[in-house]
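# Observations on the three-dimensional arrangement
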Amino acid sequence: MTNADDSVVPAAGDATPMISMHDVEKTFGDLHVLKHIQLDVPAGQVVIVLGPSGSGKSTLCRTINRLEPIDSGSIAIDGKTLPEEGRALAQLRADVGMVFQQFNLFAHKTILENVMLGPLKVRKKGKDEAKKRALELLDRVGIANQAEKYPAQLSGGQQQRVAIARALAMDPKVMLFDEPTSALDPEMVNEVLDVMTALAKEGMTMLVVTHEMGFARRAGDRVLFMADGEIVEDTDPESFFTSPKSDRAKDFLGKIL
Ligand code: ADP
Ligand code: MG
């Protein structure tokens, strides 16, 4: 609070970072996958994570909600350090919504049931409340009229929008997206990106691994460029795309643009 650097600029609301990673190290055997990760994401920020295949982007996401344990360092969500295990972990994990490349919907449950399940089981909501909220969210992602169908009856783009609604049903503080459009046919990519753009505009704190550079430039507040388990660049999208600093980022952009 009394920090000289902070005193000139009035704090924009609560200054506690929504995601905070400090000195995070992660190995898989001999492979050092995350190297000394330092990251503070303020509430409402949309962070785009870019980098070549194998650079650690998915592992970064997975450590944030403890799908992967870290070797050392600390990770906090809204100021609360993630515990290793137990009930507290389940609650904190529920604060972090995650959407994967594969939609991972329950095939034998309807769309509505898929969205209601987390609130019923983890958040202990009543059935009527969970249903009302699920229908609102399905409406928001544009598929309320598919609520009674099963996942296989929907297109990939629709299934991914259900997956987003399902994550939102837990009232997460943070949403992580790991290549959410990579498994989709090209004509379905935009319907998913549109939902994500709307979410960003509503102020959701988001971390998005994506190869959609148009979306990254349009919707991102910040770009992290990863290579070999390190955050090599951490800047705004315009600076990253127009004047990348590192050779690795230049090489990466040269290949994809
Ligand atoms: P990205 O998402 O950027 O492609 P990943 O985070 O998936 O990268 O992987 C980073 C590195 O960690 C890769 O070399 C990958 O092979 C390795 N890796 C990822 N998951 C595991 C695992 N469960 N066991 C062993 N190695 C893994
Ligand atoms: Mg990945």
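So, here's what we can say about the structure. Being a predicted model, the structure only gives us computed values, none of them experimental.

This part is about the overall build of the protein. Within the protein, the regular secondary structure consists of ten helices and ten strands. The C-alpha radius of gyration computed for the protein amounts to 19 Å, which stays within 12% of the reference 18 Å derived for 257 residues, consistent with globular compactness. Taken along its principal axes, the extent of the C-alpha atoms in the protein is 50 × 45 × 40 Å. Among the 257 residues that make up the protein, the fraction classed as buried is 48%. Across the protein, contacts joining residues at least 24 apart in sequence account for 66% of those joining residues at least 6 apart. As displayed, the protein offers around 12500 Å² of accessible surface, 50% of which is attributable to carbon and sulfur atoms. Positive and negative charge centroids in the protein, built from 30 and 37 side chains respectively, lie 6 Å apart.

The next thing to look at is the sheet that holds strand 10 (residues 230-235). Pairing is mixed across the open sheet formed by six strands, whose spatial order is 6-7-8-3-9-10. Two strands in the sheet have a free side with no partner beyond their single neighbour: strand 6 (96-99) and strand 10. On average, adjacent strands in this sheet sit at an angle of 20° to one another, irrespective of strand direction. In the sheet, strand 9 (residues 222-227) pairs with strand 10 via five bridges, with the strands oriented antiparallel.

The environment of ligand 1 is made up of Phe28, Leu31, Val33, Pro52, Ser53, Gly54, Ser55, Gly56, Lys57, Ser58 and Thr59. A distance of 2.7 Å separates an oxygen atom of ligand 1 from a polar backbone atom of Gly54. Thr59 has a polar side-chain atom sitting 2.5 Å from an oxygen atom of ligand 1. Within the residue set of the shell around ligand 1, elements represented by two or more residues are strand 2 (31-41) and helix 2 (57-64). Ranked by the residues each element gives to the shell around ligand 1, the list is headed by helix 2, at three residues. Looking at the shell around ligand 1 residue by residue, the classes come out as four nonpolar, six polar and one charged.

Right, let's get into the pairing of strand 8 (residues 205-209). The buried fraction of strand 8 amounts to five of the five residues, a majority that puts the element mostly inside the structure. Neither face of strand 8 is open: one carries Thr205, Leu207 and Val209, the other Met206 and Val208, and all of them are buried. Of the pairings in the sheet, the one linking strand 3 (residues 46-50) to strand 8 comprises four bridges and is parallel in character. Directly across from Val46, in strand 8, lies its bridge partner Met206. Taken together, the five bridges between strand 7 (residues 174-178) and strand 8 define a ladder with parallel strand orientation. Within strand 8, the residue paired with Val174 across the bridge is Thr205. Viewed along the sheet, the connection from strand 7 through helix 7 (residues 186-201) into strand 8 turns out right-handed.

Our focus in this paragraph is helix 5 (residues 127-140). Here helix 5 contains 14 residues, and its C-alpha end-to-end distance of 20 Å stays within 8% of the 20 Å for a straight helix at 1.5 Å per residue. Turning to helix 5, its buried residues are Ala130, Ala134, Leu137 and Leu138. Projected onto a plane normal to the axis of helix 5, the buried residues spread over an arc of 100° and lie on a single side. Structural note: helix 5 exposes Asp128, Lys132 and Asp139 on the side pointing more than 90 degrees away from its buried face. Buried-residue contacts for helix 5 involve helix 4 (111-121) and helix 6 (156-168).

So, on to the sheet that holds strand 5 (residues 80-81). Pairing is antiparallel in the open sheet, where four strands are placed in the order 2-1-4-5. Either end of the sheet is taken by a strand with one partner, and the two such strands are strand 2 and strand 5. Pairing geometry for strand 1 (residues 19-28) and strand 2, over seven bridges, is antiparallel. Residue pairing across strands places Phe28 opposite Leu31, the latter belonging to strand 2. Against the sheet, helix 2 touches strand 1, strand 2 and strand 4 (72-77), its axis set at about 120° to strand 1.

Reading the values: rules and limits
Residues numbered from 1 in each chain as written. Chains lettered and ligands numbered in written order. Predicted model: local features only at pLDDT ≥ 70, side-chain atom pairs only at ≥ 80, totals over all residues. Heavy atoms only, no water. Helix = DSSP H or I, 4+ residues; strand = E, 2+ residues; numbered from the N terminus. Rg over C-alpha atoms; globule rule 2.2 N^0.38 Å. Buried < 20%, exposed > 50% of the residue type's maximum accessible area, 1.4 Å probe, protein only. Contact = heavy atoms within 4.5 Å. Areas by Shrake-Rupley, 256 points an atom, 1.4 Å probe, with all protein chains shown as cover. Lys, Arg positive; Asp, Glu negative; His and termini not counted. Charge placed at Lys NZ, Arg CZ, Asp CG, Glu CD. Pairing = 2+ DSSP bridges. Axes fitted to C-alpha atoms, helices over the stretch in contact; angles between N-to-C directions. Near = heavy atom within 4 Å. Polar contact = N/O pair within 3.5 Å; in protein donor to acceptor, adjacent residues only side chain to side chain. Nonpolar A, V, L, I, M, F, W, Y, C, P; charged D, E, K, R; others polar. Right-handed = clockwise from strand over helix to strand, strands pointing away. Expected span 1.5 Å × (residues − 1). Arc of directions from axis to C-beta.

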